[in-house]
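# A look at the structure
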Amino acid sequence: MRQTAPADRTADGRTDGETSGETSGETDGENVFGLITPEDWFRIPLLPEERRAASVSALVKRQFAGVDDQPVLRRQAEEQLLGAAEAGVEQGGVVLYLSFLEAAGIPLSASLLISRIHQRFDGLDVVSALKGKGEAALVRLPAAGRAARRRRSERTRESRRLGTEFADTMVEYFVPVPDRDEVLMLTFSTPLEPIADSMVELFDAVAGTLRWQKTAQPTPKQATQTAQATQEPRGQQA
């Protein structure tokens with residue numbers, strides 16, 4: 001498994017951390033989350049759009065490295081990945097992980113969408129709201145602390161389109177962001193219903209690595225220097 005944040009290399013070759021939102025005046029900096037994921041899970045930042053498109057393009061290029069005679073298949077793969085990424089944005093997602101793990105030559109398809117919900121976390125209220133569909137309970141993550149967890153099955157639009165007889169198995173975690181009225185939502189999903197329990201064990205292991213790190217705010221002097229640097233005219237001769 002690999003460590004994927006606070007600063008991790010994405011599919012487009014750049015690095016960044018996932019932030020919980022803008023810095024508030026009540027904290028010393030932004031709350032940055034980190035996860036440890038399997039080596040063959042690829043990370044696609046969803047915002048901004050240019051970054052998303054570049055990351056998908058880089059991922060397709062990597063997957064089709066050395067394959068020059070499948071332009072139609074390559075284009076279809078890129079369209080499917082872009083569609084999945086755009087669907088994640090519509091759900092409030094900030095980053096999408098896709099699994100390309102294989103076991104005995106069989107793809108272990110899975111995804112993880114990380115989203116932000118701008119509301120206060122109340123564990124009992126969350127569990128009560130989730131119980132209508134699936135198994136919901138309060139849990140405690142080793143580093144991130146209290147959270148709500150729900151496991152459920154769902155026949156997604158994609159599974160219906162593909163005509164598969166299996167429902168997707170989904171595991172959702174709702175984790176309060178420190179010092180903010182905000183919740184981080186982790187949505188794991190796999191279409192592999194016959195081995196769903198094993199995949200859920202993997203999902204729980206990944207969720208268990210979630211941790212928070214506070215980034216340092218710049219000092220007043222650093223902030224002034226940065227502002228001056230951005231205001232200086234560029235491209236002029238001295």
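Residues numbered from 1 in each chain as written. Predicted model: local features only at pLDDT ≥ 70, side-chain atom pairs only at ≥ 80, totals over all residues. Heavy atoms only, no water.

## Notes on the packing of helix α1 (residues 49–63) against helix α2 (residues 71–90)
Rules: Note on definitions: angles span 0 to 180 degrees between N-to-C directions of axes, and those axes are lines fitted to C-alpha atoms, for helices only across the stretch in contact. A run of DSSP states H or I qualifies as a helix once it reaches four residues; a run of E qualifies as a strand once it reaches two. Both are numbered from the N-terminal end. Each crossing gets its handedness from the near helix: less than a right angle anticlockwise from the far helix is left-handed, clockwise is right-handed. Two residues form a contact once any of their heavy atoms are found within 4.5 Å. Note that Gly is not counted as nonpolar here; it falls among the polar residues with everything else outside the nonpolar set of Ala, Val, Leu, Ile, Met, Phe, Trp, Tyr, Cys and Pro and the charged set of Asp, Glu, Lys and Arg.
Look at α1 against α2: their axes get within 10 Å of each other, and the N-to-C directions meet at 145°. At the point where α1 passes α2, the crossing takes the right-handed sense. For the pair α1 and α2, the contacting residues are Arg 52, Ala 53, Val 56, Ser 57, Leu 59, Val 60 and Lys 61 in the first and Arg 74, Ala 77, Glu 78, Leu 81, Leu 82, Ala 85, Glu 86 and Val 89 in the second. Grouping the constituent residues of the contact of α1 with α2 by class yields nine nonpolar, one polar and five charged.

## Notes on the packing of aromatic side chains
Filter applied, for reference: Centres within 6.5 Å are what make two rings of Phe, Tyr or Trp a pair, Trp counting through its six-membered ring; a difference in plane orientation under 30 degrees is then read as stacked, over 60 as edge-to-face, and the rest as tilted. Throughout this description, buried means an accessible area under 20% of the type-specific maximum (1.4 Å probe, protein chains only), exposed means over 50%, and partly exposed covers the range between.
Inspection of the entire model under this criterion finds five aromatic pairs. Where Phe 42 meets Phe 100, the ring centres are 5.2 Å apart and the plane angle is 75°; that geometry is what we call edge-to-face. Residue Phe 42 is found in strand β7 (residues 41–45), and its partner Phe 100 is found in the loop between β8 (93–99) and β9 (102–103); the two are separated by 58 residues along the sequence. Its relative accessible area of 8% is what places Phe 42 among the buried residues. Here the aromatic rings of Tyr 173 and Phe 188 are separated by 6.4 Å at their centres, their planes lie at 80°, and the arrangement is edge-to-face. You can see Tyr 173 sitting in strand β14 (residues 168–176) and its partner Phe 188 sitting in strand β15 (residues 183–190), a full 15 residues away along the chain. Here the two residues Tyr 173 and Phe 188 agree in accessibility, since each one is buried. Taken together through their ring pairs, the aromatic side chains of Trp 41, Tyr 173, Phe 188 and Phe 203 make up a single cluster.

## Brief notes about the nonpolar core
Buried together is how nonpolar side chains tend to be arranged in soluble globular proteins. Defined as follows: Buried Ala, Val, Leu, Ile, Met, Phe, Trp, Tyr and Cys residues form a nonpolar core when they are joined through side-chain atoms within 4.5 Å.
Residues Trp 41, Ile 114, Leu 186, Phe 188 and Leu 210 are the most contacted members of the largest nonpolar core, which totals 28 residues. Elements that contribute at least two residues to this core include exactly β8, β11 (111–117), β14, β15 and α5 (196–207). With five residues, the top contributor of residues to this core is α5. Phe 42, Leu 46, Val 60 and Leu 113 belong to the second-largest nonpolar core, a separate cluster that totals 12 residues.

## Remarks on a negative patch on the surface
Quick note on the threshold: For patch building, the residue pool is restricted to those with more than 30% relative accessible area and no salt bridge; the joining distance is 9 Å between like charges and 5 Å between nonpolar side chains (Val, Leu, Ile, Met, Phe, Trp, Tyr). Per-residue and other accessible areas follow the Shrake-Rupley method at a 1.4 Å probe size, with only the shown protein chains counted as cover for residues. Should a side-chain nitrogen of Lys or Arg be within 4 Å of a carboxyl oxygen of Asp or Glu, the pair is scored as a salt bridge. The convention is simple: Lys and Arg are positive, Asp and Glu are negative, and His and the chain ends are not counted. Charge positions come from single atoms, namely NZ of Lys, CZ of Arg, CG of Asp or CD of Glu.
A contiguous patch of negative charge, built from Glu 49, Glu 50, Glu 86 and Glu 90, is present on the exposed surface. Sorting the residues of the negative patch by element identifies α1 and α2 as the ones contributing at least two each.

## Re the sheet that holds β8
The following threshold applies: What makes two strands pair is DSSP finding at least two bridges between them.
Pairing within the open sheet is antiparallel, and its seven strands lie in the order β7-β8-β11-β15-β14-β13-β12. Both edges of this open sheet fall to β7 and β12 (135–141), since each of them pairs with a single strand only. Direction aside, the axes of adjacent strands within the sheet are offset by 20° on average. In the packing of α2 onto the sheet, the strands contacted are β8 and β11, and the crossing angle to β8 comes to about 140°.

## Description of unusual backbone geometry
Of note, the bond from Leu 47 into Pro 48 is cis; its omega dihedral lies within 30 degrees of zero at 0°. The topology assignment puts Pro 48 in the loop between β7 and α1. A positive phi angle, close to 65°, is found at Asp 179, a residue other than glycine. As for its position among the elements, Asp 179 is in the loop between β14 and β15. What makes Asp 179 exposed here is its relative accessible area of 54%.

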